[in-house]
Amino acid sequence: MDPADVKSYWPISNLSVLSKLLERLVAGQLLEHLNAARLLSDLQSAYRAYHSTETAVLKVLAYILRAFDTGDVAVLTLLDLSAAFDTVDHVTLLRRLEVSYGLQSHMLGWFQSYLDGRTQYVRRGTDFSTVTLLLCGIPQGSVLGPILFVLYTADLLQLVDKYQLWPHLYADDTQVYGFCHASAVSQLQERVSACVDEVALWMRSNRLQLNASKTEVLWCASSRRQHQIPRAPVRVCSDFIQPASSVCDLGIHLDADASMRTHVSRTVSTCFNVLRQIRSIR
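Asker: Would you mind going over the packing of helix H3 (residues 90-99) against helix H4 (residues 105-115) in detail, with residue names and values included?
Answerer: The contact between H3 and H4 brings their axes to 10 Å, and the two run at 160 degrees. Taken together, the axis directions place H3 and H4 in an arrangement best described as roughly antiparallel. Note that H3 runs across H4; the crossing there is right-handed. Along the contact surface, H3 presents His90, Leu93, Leu94, Leu97 and Glu98, while H4 presents Leu108, Phe111, Gln112 and Leu115.

Right, here's the structure in full:
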């Protein structure tokens, strides 16, 4: 990355070992409460046992292949957030922990003290900037931070469901997908655009920002129905996104025909590169 570009940097919390140990104990109790009360959706795959990137991609891919079996066309939209962890509103997060997840009394007060009073500064070499009080955001590099972000964005699932589309979340990566007959792709495309509009509105109201320019759209169909895939750009907020022939979803490259050809090719290329390096030092 370019060291002269501000976008090449992001804040990482410098936490002590004791702090991380305490967070891990609290995280264990919090997840135990959420799992016992079934407050976590199966459509959120981050920071939970048996809910990894593999299970998230497999679930989405299974629905796409099921659409192929019925002769339908599928669309997959990958939404990108800008600096998602840095803009989480503390008041909204605490209110959500109380109302949606039943945290009260001392536990809610503990989370408030966990978020309040944090400071940040920029260090370059031996130079330090002025210390500034953090009014929003959750600590990056912490144990509890990612879990709190998952709870903060859980309402997105119900919002996408209103448009008869299927969501799947992995931390700040949001996947929205749907299926239809080839003759109804224009209606499906309109539903996707309307859904993304409301998602962007919800994010703005919760101090999050959807990066429409980095959002990707993939139309999928079987190899015999590739000619039925629409080629026109899809409206994402005020931008128009050209559908891609393959996208990278949580580290897995998906093709428009679900052949995994791109992923296999890239994996083989990476392996050959490593083998060449091993040979040079042999």
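Asker: Describe the nonpolar core, naming the residues involved and giving the relevant values.
Answerer: By size, the foremost hydrophobic cluster in this structure holds 80 residues, and its most contacted members are Leu97, Phe111 and Trp219. Looking at which element gives the most residues to this core, the answer is helix H7 (residues 185-205), with nine residues. Discounting residues that sit within four places of it in the chain, tryptophan 219 has contacts with Val73, Ala74, Val75, Val185, Leu188, Gln189, Ile229, Pro230, Val234, Pro243 and Ala256.

Asker: Outline the side chain of threonine 174, listing residues and values.
Answerer: By the element assignment, threonine 174 lies in strand S7 (residues 173-180). Using a relative accessible area of 6% as the deciding quantity, one classes threonine 174 as buried. If we ignore the near neighbours within four places in the chain, the residues touching threonine 174 are Thr77, Leu78, Leu79, Leu156, His168 and Leu169.

Asker: Explain the packing of aromatic side chains to me, and be specific about the residues and the numbers.
Answerer: As enumerated under the stated definition, the model contains nine aromatic pairs in all. When the ring of tyrosine 63 is compared with that of tyrosine 177, the centres are 5.9 Å apart and the planes differ by 55 degrees; the resulting orientation is tilted. Taken as a pair, tyrosine 63 in helix H2 (residues 53-69) and tyrosine 177 in strand S7 lie far apart in primary sequence, 114 residues in all. Relative accessible area serves as the criterion here: at 22%, tyrosine 63 is assigned to the partly exposed category. Judged by relative accessible area, tyrosine 177 falls into the buried class, the value being 2%. Ring centres of tryptophan 110 and phenylalanine 111 lie 5.3 Å apart, and the angle between their planes is 85 degrees; this geometry places the pair in the edge-to-face category. Looking at tryptophan 110, the relative accessible area reads 27%, which means it is partly exposed. A network of ring pairs unites the aromatic residues Tyr63, Trp166, Tyr177 and Phe179 as a single cluster. Its end group placed over the ring of tyrosine 152, arginine 96 keeps NZ or CZ at 5.2 Å from the ring centre. Between the NZ or CZ atom of arginine 118 and the centre of the ring of tyrosine 114, over which it lies, the distance is 4.6 Å.

Asker: I'd like to hear about the confidence of the model for the chain, residue by residue, with values.
Answerer: Per-residue confidence for the chain gives a mean pLDDT of 89, with 100% of residues at or over 70. Within the chain, no element has a lower average pLDDT than strand S3 (residues 123-124), which sits at 80, and none a higher one than H3, at 94.

Asker: Give a detailed account of the pattern of salt bridges, specifying residues and quantitative values.
Answerer: Scanning all chains against the criterion turns up six salt bridges. Where arginine 207 meets aspartate 89, a salt bridge forms, and the shortest distance between an N and an O atom there is 3.4 Å. Pair noted here: arginine 207 is in the loop between H7 and strand S8 (216-220) and aspartate 89 is in the loop between strand S1 (73-79) and H3, with a separation of 118 residues, a long-range link. With a relative accessible area of 52%, arginine 207 lands in the exposed category.

Asker: Can you explain the packing of helix H1 (residues 17-36) against helix H5 (residues 144-152)? Please cite residues and give values.
Answerer: Between H1 and H5, the least distance of the axes is 10 Å, while the angle of their chain directions is 30 degrees. The angle between H1 and H5 places the two elements in the roughly parallel class. Two packed elements cross with a definite hand, and for H1 against H5 that hand is left-handed. For the pair H1 and H5, the contacting residues are Glu23, Val26, Ala27, Leu30, Leu31 and Leu34 in the first and Leu144, Ile147 and Leu151 in the second.

Asker: Go over the pairing of S7, please, and point to the residues and values.
Answerer: Burial within S7 is extensive, with seven of its eight residues counted as buried. Sheet topology places S1 next to S7; seven bridges connect them, and they run antiparallel. Its bridge partner lying in S7, leucine 78 is registered against glutamine 175. Both strand S6 (residues 166-170) and S7 contribute to a ladder of five bridges, which runs antiparallel. Bridge pairing in S7 places leucine 169 opposite threonine 174. Taken together, S6 and the strand that follows it, S7, pair antiparallel across an intervening segment of two residues, in which alanine 171 is found at a positive phi of about 55 degrees.

Asker: Please give an account of the sheet that holds S1 that cites residues and values.
Answerer: Here four strands make up an open sheet; going across it, the order is S6-S7-S1-S8 and the pairing antiparallel. On the outer flanks of this sheet lie S6 and S8, each paired with one strand and no other. Geometrically, the sheet is characterised by an average inter-axis angle of 15 degrees between neighbouring strands, direction not taken into account. The strands touched by H2 within the sheet are S1, S6, S7 and S8, with S7 carrying the most contacts at an inclination of about 15 degrees. Along the sheet, H7 makes contact with S1, S7 and S8, crossing S1 at roughly 20 degrees.

The rules behind each value
- Residues numbered from 1 in each chain as written.
- Predicted model: local features only at pLDDT ≥ 70, side-chain atom pairs only at ≥ 80, totals over all residues.
- Heavy atoms only, no water.
- Axes fitted to C-alpha atoms, helices over the stretch in contact; angles between N-to-C directions.
- Helix = DSSP H or I, 4+ residues; strand = E, 2+ residues; numbered from the N terminus.
- Parallel < 35°, antiparallel > 145°, perpendicular 65-115°, else oblique.
- Left-handed = near helix turned anticlockwise from the far one by under 90°.
- Contact = heavy atoms within 4.5 Å.
- Core = buried A, V, L, I, M, F, W, Y, C linked by side-chain atoms within 4.5 Å.
- Buried < 20%, exposed > 50% of the residue type's maximum accessible area, 1.4 Å probe, protein only.
- Phe/Tyr/Trp six-rings, centres within 6.5 Å; stacked < 30°, edge-to-face > 60°.
- Lys NZ or Arg CZ within 6 Å of the ring centre and 35° of its normal.
- pLDDT = per-residue confidence, 0-100.
- Salt bridge = Lys/Arg side-chain N within 4 Å of Asp/Glu carboxyl O.
- Pairing = 2+ DSSP bridges.

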